[in-house]
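# Inside the fold
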Amino acid sequence: MTIQSLAKYPSKMPSAIFLDSAGVINDNTQRAPQWIRYLSEYIPTTVLGGTAQVWGQANAQIIRPFFSRWHEYMMQAIELAAEAQAKAIAAGQDPAEVESGSNKETNVYWIFERYHLLIWIKEMCRVASPHLPELESKILPGLTDDELVQLGRSAHIYAIERVRADYPGAVDAIRKLDTIRKAHGDHSFKLCTSSSDSFEDLQHILKGLGVLECFDDLYGSDKVNSLKISSLYYQRVFSRVGVNVVQRDGASGVVVEGGEDRDEVVVLDDSVKALSWARVLGARTVLISAEAVDLSAEGYSHVDYQLKALSELPGLLESWRAHLAGCPV
């Protein structure tokens, strides 16, 4: 574990802890090959036909350039969402309701998902078509974009329900966190996700791992109508949870405005950039990285702690509790 020198202990025990999914609970390097396998297994059962080999090769061929444009897809989705939200408000919808994201037509996450799923399925069809003579001549002309998006979403759900890519010790750590908080009062802190995934995807992932019941709530981009690309995402998540986060000095991380009405919150992520968005709002940030990191180095000023794995978090919390109780650590 690595710790910023001025951020060793919080002013009180946290009121809420937020875990990212990919990179904290689940390992993307394990997920990718399983993903290809299950997608390849599912798509031949749809109207597109073909074989697992054809679709597996098509997905493998397009996936790297597809993800290289991920940021571009997000920016385009934000523009489309802004247009859709402006039209909805002009048509008389309540601005607060539009901002809440309750309507998929104006929710930036669902607009983003539709946008990138359509690109993904069409790109795969383009690559697969030489091996499936009827794909371009008969099958695709009979499908609408909505039907292609639904096909892509169904394939996604099929895979996400089956992939198991949790880091060693992650499931046990989540269960231990649940046990710790119950041992110190009725849910002494709230345990939530802070992920770029959707609420539905997170339900499938955590149910598959057998830890869904350990969480108070699941926060993905759809639930707060904000992609995870700025502090707005965390601002909305914290607001939904109902925490009034302590204010901290931007340079040192020292709490400058605390008190009984303020909450310490902890955010775990494998992205330094994501942690910087949470830190400016006062969160105590924990970087998950298997390799040791020098937190005094340039670029890490918004990271308070670095753990090798989620499995180390219960120990960190217990060290805080002992310190705040006046016990030697």
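Residues numbered from 1 in each chain as written. Predicted model: local features only at pLDDT ≥ 70, side-chain atom pairs only at ≥ 80, totals over all residues. Heavy atoms only, no water.

Turning to the pairing of strand β2 (residues 16-19), a few remarks are in order. Side chains A16 and F18 of β2 all project onto a buried face; the interleaved residues I17 and L19 project onto the opposite face, where all are buried too. As paired strands, β2 and strand β7 (residues 265-269) are joined by four bridges and run parallel to one another. Opposite A16, over in β7, you have V265 as the bridge partner. (Buried < 20%, exposed > 50% of the residue type's maximum accessible area, 1.4 Å probe, protein only. Helix = DSSP H or I, 4+ residues; strand = E, 2+ residues; numbered from the N terminus. Pairing = 2+ DSSP bridges.)

Throughout the structure, instances matching the rule amount to 20 salt bridges. Between K122 and D145 there is a salt bridge, and its shortest N-O distance comes to 3.2 Å. Remark: D145 occurs in helix α7 (residues 145-160) and K122 occurs in helix α5 (residues 108-128); sequence separation between them is 23 residues. The exposure class assigned to D145 is partly exposed, which follows from its relative accessible area of 32%. The salt bridge involving R321 is made with E318; its shortest N-O contact spans 3.9 Å. Of this pair, R321 and E318 both sit in helix α13 (residues 313-324), three residues apart, which is roughly one turn of that helix. For E318, a relative accessible area of 34% corresponds to the partly exposed category. (Salt bridge = Lys/Arg side-chain N within 4 Å of Asp/Glu carboxyl O.)

A few words on the packing of helix α1 (residues 28-42) against helix α2 (residues 52-68). Interaxial distance between α1 and α2 falls to 8 Å at its minimum, and their mutual angle equals 135°. The orientation of α1 with respect to α2, classified from their angle, is oblique. Between α1 and α2 lies a crossing whose hand is right-handed. Contacts between α1 and α2 involve I36, L39 and S40 on the former and, on the latter, A52, W55, G56 and N59. The residue inventory of the contact of α1 with α2, partitioned by class, reads four nonpolar, three polar and no charged. (Axes fitted to C-alpha atoms, helices over the stretch in contact; angles between N-to-C directions. Parallel < 35°, antiparallel > 145°, perpendicular 65-115°, else oblique. Left-handed = near helix turned anticlockwise from the far one by under 90°. Contact = heavy atoms within 4.5 Å. Nonpolar A, V, L, I, M, F, W, Y, C, P; charged D, E, K, R; others polar.)

As a further point, take the sheet that holds β2. Strand order in the open sheet formed by seven strands is β1-β9-β8-β7-β2-β3-β4, and the pairing between neighbours is mixed. Both edges of this open sheet fall to β1 (2-3) and β4 (217-219), since each of them pairs with a single strand only. Looking at chain direction, strand β8 (residues 284-288) and strand β9 (residues 305-307) are connected through three bridges and run parallel. For I288, the partnering residue across the bridge sits in β9 and is L307. Helix α12 (residues 272-279) contacts β7 and β8 of the sheet and is inclined by roughly 170° relative to β8. Where α13 meets the sheet, it contacts β2, β7, β8 and β9, and its direction lies at approximately 140° from that of β9.

This part is about unusual backbone geometry. Positive phi values are uncommon outside glycine, yet N225 reaches one of about 55°. Overall, the relative accessible area of 5% leaves N225 in the buried class.

Between its first and last C-alpha, α7 extends 22 Å over 16 residues, near the 22 Å set by a 1.5 Å rise per residue. By the burial criterion, the buried members of α7 are L148, V149, L151, G152, R153, A155, H156, I157, Y158, A159 and I160. Buried residues along α7 sit in contact with α1, α5 and α9 (199-209). (Expected span 1.5 Å × (residues − 1).)

A separate point is the nonpolar core. L19, W55, W120, F215, L268, L310 and L313 are the most contacted members of the largest nonpolar core, which totals 74 residues. No other element matches α5, which puts 13 residues into this core. In this structure, A16, F18, W277 and L287 belong to the second largest nonpolar core, which totals 24 residues. (Core = buried A, V, L, I, M, F, W, Y, C linked by side-chain atoms within 4.5 Å.)

Another aspect to go through is the environment of K104. Structurally, K104 is set in the loop between α4 (95-100) and α5. Sequence separation between K104 and D222 is 118 residues; the distance between their C-alpha atoms is 8.6 Å. Dropping the residues within four chain positions of it, K104 is found in contact with W110 and I111.

Here the structure, examined in full by the defined rule, presents 13 aromatic pairs. Aromatic pair F67 and W70: ring centres 5.1 Å apart, planes at 45°, arrangement tilted. With a relative accessible area of 25%, W70 lands in the partly exposed category. Taking the centre distance of 6.0 Å and the plane angle of 65° together, the rings of Y73 and Y115 count as edge-to-face. On the criterion of sequence distance, the pair formed by Y73 in helix α3 (residues 70-90) and Y115 in helix α5 is long-range, its members being 42 residues apart. Overall, the relative accessible area of 1% leaves Y73 in the buried class. What makes Y115 partly exposed here is its relative accessible area of 26%. Aromatic rings pair up to connect F66, F67, W70, Y73, F112 and Y115 into one cluster. In this structure, R162 packs its charged tip against the face of Y158, placed 3.6 Å from the ring centre. The aromatic ring of Y219 is capped on one face by K223, whose charged end is 5.0 Å from the ring centroid. (Phe/Tyr/Trp six-rings, centres within 6.5 Å; stacked < 30°, edge-to-face > 60°. Lys NZ or Arg CZ within 6 Å of the ring centre and 35° of its normal.)

Remember, this is a structural readout, not a statement about activity or role.
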